[in-house]
Amino acid sequence: MPQTTIYVAPRLAGTLGTIPPAVATVELARLFGRSAALAGVSLTIEIGRTVGLVGPNGAGKTTLLRLCATAIRPSYGSLAIDGIDAQEHPELIRGRAVYLSHATGHYDDLTALENLRFAATMFGWGEREGDPVVREALETVGLAFVAGARVRTFSAGMRKRLALARVLVARPSLLLLDEPHAALDSDGMALVDRLIGLWHEAGVTVLVASHQADRVASMADATVRLEGGLVAEVSGAGVSQGPVGATARPRVAVVGMDR
Amino acid sequence: MKSRVLGFVALLAVIAAAIFGLFVVPADLHQGDAQRVMYVHVGSAWLGELSFGLAALAGLGYLWRRDLRFDALAHSAVEVGVLFTAFAIWGGMMWGRPVWGVFWQWEDPRLATTALLLALGIGYLLLRRLSDDPTRRASRAAVVGLIAALDIPIIHFSVIWWRGLHQGPTFIDPAKSLKAAVPMLFVAALLFMLTAFTLTWAWLLIRRYQLARLETRIEEEVRLSRINAARAAATAPGGAVEEPAG
Amino acid sequence: MSELRRGLAVAIAIARKDATSELRGRQAAGSTLFFAAIVLLLFGFALGPNAQRLAEAAPGLLWLAIVFGGLLTMARLHQLEAEDGALEQLALYPVDRRAIYAGKALAGAAAMLVLGGLLVPVVAILYTIPLGSAWLPLLAAVVLGAIGFAAVGTAYAGLTVRMRAREVMLPLLMLPIVAPLLLAAVKVTVTALGGDPLGEQGAWLQLLAGFDVIMLVVGAGTYGFLLEE
């Protein structure tokens, strides 16, 4: 088993010295055009937990992950990552929240090594200190043997592994994994499970959206089931639905509307 | 209510200025009656540029505050601006035909500048059309409006230096008119019409803005109703939503 | 100060990545150059065969070809990001958005510089223009023009890359904005090749520089807003 170093973002102290929850949402909603991908989700996720996000297609799993990553802004409601408001200071959340998306996001004409080196620079590693990190990541995901090959030649599974390597090069406090097992063979899936275990050990909060509910449930502290853009069920430890005082109606929070 | 008064006043002012410009002020010695078009042409071009400036500032306001009201203002300003700019071009062509003999003259810097302005404005409006999401549309429009407005002075400089023989308003050149009193009348007509047009511009802007706000509000209601519909569907018998505690 | 160094490192990393992709990208960059050359050829058919008429039109035609090729180039540089969803990842890195803009604008300017630089000899040959001592102001025009075009192009390409009808929106938005750039660049070229009786070349170069500065500042300031979704 190759050595794998997990890099973690430093903990942030909340007000009064308490540790803020990794994710805290109040009536979080997001519309695309006129359809509501998320229709009002209120969740509080404790730091360090591994949480499975399950539900049918279109339930809002990806949208929730992307909102937490600050890839998109909420339409209504509020969202705080590690106590940082996503609307006010998204730039502080970037780098702490790392998102593994469906699309692997590589540069096809660059080699695996070049892609990772670029990511390392973007995540704040210097040229020299980043090199061993990059190489170790490639080893871990089993792509060391194609480090010098262009990503254009990669299979879907290899692209996924490279994306995982990119996550290893980051220093997150929150990981948002969107179908991490997709496109992988059984070895690859075992790799993902192992990595999730390592992240959990290191204290990183992990949110995993997956169709493979059983696989996720066995690793996770808690499971959140989404349906139709809403939370259908929460089970397990470390996740609670709705902070104290949540109302049933979406708060009108779009700036600029006179009512 | 107030905008009604403004509208009424603007209408009166335009009619009065038109009467003044058409009948009270004598025709130009060299250009004849065609020169009267200048009274509306100059004002329109200027108001078009003012609109773009306003739109740029409103766009900046949106980017700074994320308040969609700024975006509505910017949108309204550009629409009204495009209207006045198009009118300015039309006026320029109407003026050009009898005076120069042609509808278009590349050597007139104002015409070329105004044409570019129209292109910028239409581009802005098309951009808005092709964006669905309100916040993305607002961000994109704000950036485009800002860049366009900053480009306007650059366009001015470049086109004027481009060896344009600017058909300046003849009243400024005293050698062209024999009577000393006449230039004052020309200036008066110009300013009168400019004021009337500005009032009209303000009125159009306010009305358009109100309309934009209404549109946004309707859009907002629809979006909220979608969310509430989704929630209702989940809490209906057979749904599996737990009521949030507290 | 380390903020600046970090920003610089990010910008350079992005520019280097883009340059590498361009150079390796199956001659996509070369195709654009070839396209621009064909456009010049076609201008020859459209306006020729009178050699004098072509020689007079040459500066304008050169810059039109650069603009058309430039539109393709700027679009392609952002297309790189859109292909595999890399743009979303790029927007999520903990880096200053101005540095991202700087990197992409740098790559864009470099690509435009190559395009312009290679088109000049093509024009010289097709329209029989002796270059001689004109090369210095010509170089200045190409450099300043490349920077200005890339400054606007980076912002607008970032804006349109995820839009409907993006292929037409980018040119539609860009062309009116770069009209003064085109004008100034052509003027410098004309005075460089045919003499400068009015002594206006300096003024036009200043206009180009001013355009560049303004557009770079605005582009850097607003690019962050365009990366959001």
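Residues numbered from 1 in each chain as written. Chains lettered and ligands numbered in written order. Predicted model: local features only at pLDDT ≥ 70, side-chain atom pairs only at ≥ 80, totals over all residues. Heavy atoms only, no water.

**Here's the deal with a nonpolar patch on the surface**
All names here are of chain B. Residues Leu11, Ile15, Ile19, Leu22, Phe23 and Val24 make up a contiguous nonpolar surface patch of about 610 Å² in total accessible area. Looking at the element boundaries, Phe23 is found in helix 1 (residues 2-24). The exposure class of Phe23 is exposed, given its relative accessible area of 64%. (Patch = residues over 30% accessible without salt bridge, like charges linked within 9 Å, V, L, I, M, F, W, Y side chains within 5 Å. Areas by Shrake-Rupley, 256 points an atom, 1.4 Å probe, with all protein chains shown as cover. Salt bridge = Lys/Arg side-chain N within 4 Å of Asp/Glu carboxyl O. Helix = DSSP H or I, 4+ residues; strand = E, 2+ residues; numbered from the N terminus. Buried < 20%, exposed > 50% of the residue type's maximum accessible area, 1.4 Å probe, protein only.)

**Looking at the packing of aromatic side chains**
Residue and element names in this part refer to chain B. Summed over the entire model, instances satisfying the criterion amount to 8 aromatic pairs over all chains. On the numbers, 6.0 Å between centres and 80° between planes, the contact of Phe84 with Phe197 is edge-to-face. Within this pair, whereas Phe84 is found in helix 3 (residues 68-100), its partner Phe197 is found in helix 6 (residues 182-235), the two being separated by 113 residues in sequence. Residue Phe84 is classed as buried on the basis of its relative accessible area of 7%. (Phe/Tyr/Trp six-rings, centres within 6.5 Å; stacked < 30°, edge-to-face > 60°.)

**Here's the deal with helix 4 (residues 127-141) of chain A**
Residue and element names in this part refer to chain A. Compared with an ideal rise of 1.5 Å per residue, which puts 15 residues at 21 Å, helix 4 spans 21 Å between its outermost C-alpha atoms and is within 8% of the ideal. When helix 4 is considered as a whole, its buried residues turn out to be Gly130, Val133, Val134, Glu136, Ala137, Leu138, Thr140 and Val141. Its buried side turned inward, helix 4 meets helix 3 (112-122), helix 5 (156-169) and helix 6 (186-201). (Expected span 1.5 Å × (residues − 1). Contact = heavy atoms within 4.5 Å.)

**Let's talk about empty space enclosed by the protein**
Taken as a whole and judged by the stated rule, the model has 11 cavities of 30 Å³ or more. Reported here for the largest cavity is a volume of approximately 190 Å³. Lining the largest cavity are 16 residues, with Thr70, Ala71 and Ile72 of chain A together with Arg97 and Glu228 of chain C sitting closest to its centre. (1 Å grid on protein atoms, 1.4 Å probe; cavity = no way out; pocket = protein on both sides within 12 Å on 5 of 7 lines; lining within 4 Å. Points joined across faces, edges and corners; volume = space filled by probe spheres on them.)

**Considering the interface of chain A and chain C**
Think of interface size as the accessible area that goes away when the parts come together; that is how it is often given. Counting from both sides, the interface comprises 30 residues of chain A and, opposite them, 27 residues of chain C. Buried surface at the junction of chain A and chain C, summed over both partners, amounts to about 2600 Å²; 51% is from carbon and sulfur atoms. Ranking the residues of chain A by area buried against chain C places Arg94, Tyr107 and Met122 of chain A at the top, with a combined share of 28%. A salt bridge links Arg24 of chain C to Glu114 of chain A, with the nearest nitrogen and oxygen atoms 2.7 Å apart. The tally of links from chain A across to chain C stands at 7 residue pairs in polar contact (both at pLDDT 80 or more). Those elements that provide at least two residues to the side of chain A that touches chain C are helix 3 and helix 5 of chain A. Counting residues per element, the side of chain A that touches chain C draws most heavily on helix 3 of chain A, which supplies 5 residues. (Buried area = accessible area lost by both parts, 1.4 Å probe. Polar contact = N/O pair within 3.5 Å; in protein donor to acceptor, adjacent residues only side chain to side chain.)

**Looking at the interface of chain C and chain B**
Every contact between the two is made by 30 residues of chain C and, on the other side, 29 residues of chain B. Between chain C and chain B, a total of about 2800 Å² is buried, with carbon and sulfur atoms accounting for 77% of that surface. In this structure, Glu228 of chain C and Arg66 of chain B form a salt bridge, with 3.1 Å as the shortest nitrogen-oxygen distance. Elements supplying a minimum of two residues to the side of chain C that touches chain B: helix 6 (135-160), helix 7 (166-194) and helix 8 (201-227) of chain C. Residue contributions to the side of chain C that touches chain B peak at 10 residues, all from helix 8 of chain C. Split by residue class, the side of chain C that touches chain B holds 23 nonpolar, 1 polar and 6 charged. (Nonpolar A, V, L, I, M, F, W, Y, C, P; charged D, E, K, R; others polar.)

**A word on helix 1 of chain B**
Compared with an ideal rise of 1.5 Å per residue, which puts 23 residues at 33 Å, helix 1 of chain B spans 31 Å between its outermost C-alpha atoms and is within 8% of the ideal. Within helix 1 of chain B, burial applies to Ser3, Leu6, Gly7, Ala10, Ala13, Ala17, Phe20 and Gly21 of chain B.

**So, the packing of helix 6 of chain C against helix 8 of chain C**
All names here are of chain C. Two numbers describe how helix 6 lies on helix 8: the axes approach to 9 Å, and their chain directions differ by 25°. One element, helix 6, and the other, helix 8, form an angle in the roughly parallel class. Of the two possible hands of crossing, helix 6 and helix 8 adopt the one that is left-handed. Across from Pro137, Ala140, Ala141, Leu144, Ile147, Gly148, Ala151, Val152, Thr154, Ala155, Gly158 and Leu159 in helix 6, the residues of helix 8 making contact are Gln201, Leu205, Leu208, Ala209, Phe211, Asp212, Met215, Leu216, Gly219, Tyr223 and Leu226. (Axes fitted to C-alpha atoms, helices over the stretch in contact; angles between N-to-C directions. Parallel < 35°, antiparallel > 145°, perpendicular 65-115°, else oblique. Left-handed = near helix turned anticlockwise from the far one by under 90°.)

**Concerning the pairing of strand 11 (residues 230-236) of chain A**
Residue and element names in this part refer to chain A. By the bridge criterion, 6 bridges tie strand 10 (residues 222-227) to strand 11 in an arrangement that is antiparallel. If you follow Val224 over to strand 11, its bridge partner there is Val234. Following strand 10, the chain reverses through 2 residues before pairing antiparallel with strand 11; Gly228 in that reversal takes a positive phi of roughly 55°. (Pairing = 2+ DSSP bridges.)

**Some thoughts on the nonpolar core**
Counting residues in each nonpolar core, the largest one holds 171 residues, and the members touching the most others are Leu162, Val169 and Trp199 of chain A together with Tyr127, Phe149, Tyr156 and Ile177 of chain C. Setting aside residues up to four positions removed in sequence, Trp199 of chain A forms contacts with Ile6, Val167, Leu168, Leu175, Leu177, Val204 and Val206 of chain A. Counting 34 residues, the second largest nonpolar core, distinct from the first, contains Leu53, Leu65, Leu67 and Val239 of chain A. (Core = buried A, V, L, I, M, F, W, Y, C linked by side-chain atoms within 4.5 Å.)

**Considering the layout of surface pockets**
Estimated volume of the second largest pocket: approximately 620 Å³. Around the second largest pocket, the lining comprises 24 residues; the ones closest to its centre are Trp106 and Trp162 of chain B together with Leu182, Leu183 and Val186 of chain C. When contributions to the lining of the second largest pocket are tallied by element, the ones reaching two or more residues are helix 4 (109-129) and helix 5 (134-161) of chain B together with helix 3 (51-82) and helix 7 of chain C. It is helix 7 of chain C that provides the largest number of residues to the lining of the second largest pocket, a total of 9 residues. Classifying every residue of the lining of the second largest pocket gives 20 nonpolar, 2 polar and 2 charged.

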